[in-house]
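The chain contents come next:
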Amino acid sequence: YGCLFTSVTWTLLLFLYFTLSQESPPFKYVPVPGGQSFSFQHRFQPRFTRAPGPAPLPQDPPREQPRRAPVPGRKAADLSPEMGMIFNEQDQEIRDMGYHKHAFNVLISNRLGYHRDLPDTRNEKCKEKLYPLALPSASVVICFFNEAFSALLRTVHSVLDRTPAYLLHEIILVDDNSELADLKEELDAYVRLNLPGKVKLVRNQKREGLIRGRVIGASHATGEVLVFLDSHCEVNELWLQPLLTPIKEDRRTVVCPVIDIISADTLVYSPSPIVRGGFNWGLHFKWDPVPLSELNSPDGAIAPIRSPTMAGGLFAMDRKYFNDLGQYDSGMDIWGGENLEISFRIWMCGGQLLIIPCSRVGHIFRKRRPYGSPGGQDTMAHNSLRLAHVWMDEYKEQYFALRPELRTRSYGDIGERLAVRKRLQCRSFRWYLDNIYPEMQVSAPHNKAQQPVFVNKGLRRPKVLQRGRLRNLQVNKCLVAQGRPSQKGGVVVVKGCDLNDPEQEWAYDEEHELILAGLLCLDMSEIRSSDPPRLMKCHGSGGSQQWTLGKSNRLYQVSVGQCLAVMDPLSPKGYVAMAICDGSQSQQWQLED
Ligand code: LR7
Ligand code: MN
């Protein structure tokens, strides 16, 4: 009887739990009779998946049971380009403040919620690979400063949703003294109510920067392996086991996943090509193609790749090895340089650094860093100077040749770091260059600082889907450049259509770009979405140049979330502007031959 009673109670409890924790998507499409094709019906994204109240009762399912019903999640393909549609002033405010504070589209991030499906970006061969069941346990350390609440929570939930419980020892969140109100009590409450147990929240009493922040996080960790993530990531299918396996084989192996791209404008998740880490003499990280010698293994595309450097934010390392190797340089502030420092240290002091193509983690790539350092200092220069003096021997001259003003700049005490180098009997920088990064050109130290560029779109022009004039149905005029169509930054207006004028011809291509007269792309300012659209050099990365031209004749701008409209139909000036999509005549456009 006891047995029967227990199992009935459990079934009931589990049923109740799953029913109550079942989430519905934050909004859904609803057909509107006789009107436009659809409208959105909003439901506020709840911050609390359960009503705020007392901490969960002990009847919660035991730890290793699934903690929530399978997430209904969106299918990757469902992420419509219109996810960022603005309906009212409140949406506009969230979007604009989001770009201002976080440099990405927080409106879409909020609408996605804390769980979503991702496209599986791994090579097919990864799906056949088997990993040992017995692997070291992981402590995931996530530092954040003023992160967008929904991006932070999606990072945490993606780890909980996609990591086997027995491998996840804990998640340690380190709040680097954030200022944003919702990261205070509201985050405390969320963690207490929805993330009890494995998630620990540590608060820095003052801003430490991401480098000391990670050291603090690591000091609270008790798992065997440390996994560091940025606070705006989403881990993909079977991400952790491929990272833990090489560490189990050799504790002096440090591993990075492939960092997939989450678009800052659309939050679309897309695969990165397999590249590896390098740097230039300005001490900026860059991506390099993988040399053929590295790809010649029998496993081809999926074998681990030796990488001279790491990007910095996403990697896994045996916890004791992290400590033995000297953690990080705690004299480094806020942001920058620590990624090259730890990379040089790993290689020069007897370890190795690998990129694991079968482990995929997405990261939101913003166009600018949305925060500064408290005193406004250039911490990248300060930190780079420290690493140059500790690790680069005579090659620091290559850096000074580019940054002569830093030659005499003070960089604080590096005694402890020099002692680390001595204690570990590390090799010379010369050895590192010769053996680990022979591609590095020593005689030509004038490579410009380079942003990580993943896809070289310059080589291949996207296919044109449609060509013609863009006619507004209300005023019966065509969209043209106000001045010359070759003038960068020039605005567009509507004028009388002229079938014979090549300067009125738009091309709409598969990247959803609109190119006028084969020259420039129709573009929106990301920062000031109230500015009218203008003509800019095509950058090929979507977002501010991504338009959808649908059946409803509206011309929707993906990063702004609004539609192109003629401002005053009676005015001869023909000004156009972005406006909330309302299906009115002034927003109807036709691309026609
Ligand atoms: O003062 C701070 N305190 C913090 O806790 C400043 C930042 N942070 C947090 C921040 O909230 C974030 O979670 O630290 C994390 C990293 O900061 P980002 O996201 O502003 O850095 P980034 O992605 O622009 O920069 C890359 O280089 C940095 C150099 O210091 C770090 O190593 C980042 O982790 C690193 N990010 C990645 O490697 C992701 C892939 C980017 C590429 C290429
Ligand atoms: Mn980041």
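No experiment lies behind these values; they were computed from the predicted model shown.

How each quantity is defined
- Residues numbered from 1 in each chain as written.
- Chains lettered and ligands numbered in written order.
- Predicted model: local features only at pLDDT ≥ 70, side-chain atom pairs only at ≥ 80, totals over all residues.
- Helix = DSSP H or I, 4+ residues; strand = E, 2+ residues; numbered from the N terminus.
- Buried ≥ 20, exposed ≤ 12 C-beta atoms within 10 Å, placed from the backbone.
- Near = placed C-beta within 6 Å.
- Nonpolar A, V, L, I, M, F, W, Y, C, P; charged D, E, K, R; others polar.
- Pairing = 2+ DSSP bridges.
- Axes fitted to C-alpha atoms, helices over the stretch in contact; angles between N-to-C directions.
- Expected span 1.5 Å × (residues − 1).
- pLDDT = per-residue confidence, 0-100.
- Contact = placed C-beta atoms within 7 Å.
- Core = buried A, V, L, I, M, F, W, Y, C linked by C-beta atoms within 7 Å.
- Parallel < 35°, antiparallel > 145°, perpendicular 65-115°, else oblique.
- Left-handed = near helix turned anticlockwise from the far one by under 90°.

**Q** Could you clarify how one ought to interpret the overall build of the chain in this entry?
**A** When helices and strands are tallied, the chain shows 14 helices and 26 strands. Burial status across the chain gives 40% buried among its 593 residues.

**Q** Quick question: what am I supposed to make of the site of ligand 1 here?
**A** With respect to spatial proximity, 24 residues lie near ligand 1, and among them Leu210, Ser231, Ala311, Gly312 and Gly313 are the closest. Within the residue set of the shell around ligand 1, elements represented by two or more residues are strand E3 (138-144), helix H6 (210-220) and helix H10 (338-348). Partitioned by chemical class, the residues of the shell around ligand 1 number ten nonpolar, eight polar and six charged.

**Q** Any chance you could explain the sheet that holds strand E22 (residues 547-549) here in plain terms?
**A** To summarise the sheet geometry, strands pair through backbone hydrogen bonds and adopt either a parallel or an antiparallel arrangement. Read across the sheet, four strands follow the order E22-E23-E24-E25 without closing on themselves; strand pairing throughout is antiparallel. Since the sheet does not close on itself, it has two edges, and those belong to E22 and strand E25 (576-579), each with one partner. Each neighbouring strand pair of the sheet contributes to a mean axis angle of 35°, computed without reference to strand direction. Two strands pair when backbone bridges link them, and strand E23 (residues 555-557) and strand E24 (residues 562-566) are joined in this way by two bridges, in the antiparallel orientation. Bridge assignment links Gln557 to a residue of E24, and that residue is Gln562.

**Q** What should I look at first to understand the environment of Gly583 in this one?
**A** Here Gly583 lies in the loop between E25 and strand E26 (589-592). Measuring from C-alpha to C-alpha, the distance between Gly583 and Leu433 comes to 60 Å, with 150 residues separating the pair along the chain.

**Q** Sorry if this is basic, but what is going on with helix H4 (residues 149-162) here?
**A** The periodicity of an α-helix, 3.6 residues per turn, causes residues three or four places apart in sequence to face the same way. Taking 1.5 Å as the rise per residue, H4 with 14 residues should run 20 Å; its terminal C-alpha atoms sit 20 Å apart, in good agreement. Most of H4 sits inside the fold, with 13 of its 14 residues counted as buried.

**Q** Please explain the confidence of the model for the chain as it appears in this structure.
**A** Looking at the chain, the pLDDT average stands at 85 and 83% of residues meet or exceed 70. Note on residues 1-6: pLDDT under 50 across the span, and zero contacts to partners over four residues away in sequence or across chains. Predicted confidence for residues 444-459 stays below pLDDT 50, and this span has 21 contacts to residues more than four positions away or in other chains.

**Q** Any chance you could explain the nonpolar core here in plain terms?
**A** Counting residues in each nonpolar core, the largest one holds 98 residues, and the members touching the most others are Val141, Leu226, Val227, Val255, Phe315 and Ala316. Other than its neighbours up to four places away in sequence, Val227 contacts Ala138, Ser139, Val140, Val141 and Ala316. Leu479, Val494, Leu535 and Leu555 belong to the second largest nonpolar core, which has 36 residues in total.

**Q** Please clarify how the pairing of E24 should be interpreted in this entry.
**A** Two faces belong to every sheet, and in a regular strand the side chains alternate between them. Counting buried positions along E24 gives five out of five residues, so the element sits mostly inside the fold. A loop of four residues connects E23 with E24, the two strands running antiparallel in sequence, and Gly561 in this loop sits at a positive phi of about 75°. Sheet topology places E24 next to E25; four bridges connect them, and they run antiparallel. Of the residues in E25, the one forming a bridge with Ala565 is Ala577.

**Q** How do you make sense of the pairing of strand E15 (residues 464-472) when you look at a structure like this?
**A** Here E15 runs beside strand E18 (residues 506-509); their pairing, made up of four bridges, is antiparallel. Across the sheet, the residue bridging to Gln466 is Tyr508, located in E18. Bridge analysis of E15 against strand E16 (residues 477-481) gives two bridges, and the strand direction is antiparallel. Note on E16: the bridge partner recorded for Asn472 is Lys477. Taking the residues that link successive antiparallel strands as the turn, the E15-E16 hairpin has four residues, and the phi of Asn476 there is positive, at about 55°.

**Q** It is not clear to me how the packing of H10 against helix H11 (residues 379-391) should be interpreted in this structure. Could you clarify?
**A** Relative orientation and spacing of two packed helices are given, respectively, by the angle between their axes and the distance between those axes. In the contact formed by H10 and H11, the axes pass within 9 Å of each other and the chain directions differ by 15°. By the angle class used here, H10 and H11 are roughly parallel. The two elements H10 and H11 meet at a crossing, and its hand is left-handed. Of the residues in H11, those touching H10 at Glu338, Leu340, Glu341, Phe344, Arg345 and Met348 are Asn383, Leu387 and Trp391.

**Q** I would appreciate a short explanation of unusual backbone geometry in the present structure.
**A** Among all residues except glycine, the phi angle is most often negative; among peptide bonds, the trans geometry is most common. Even without being a glycine, Gln425 presents a positive backbone phi close to 50°. Note on placement: Gln425 falls in the loop between helix H13 (415-423) and helix H14 (429-435). Given 9 C-beta atoms within 10 Å, Gln425 falls into the exposed group. Its identity as a non-glycine residue notwithstanding, Ala517 has a phi of 50°, on the positive side. Topologically, Ala517 is positioned in the loop between strand E19 (514-516) and strand E20 (520-523).

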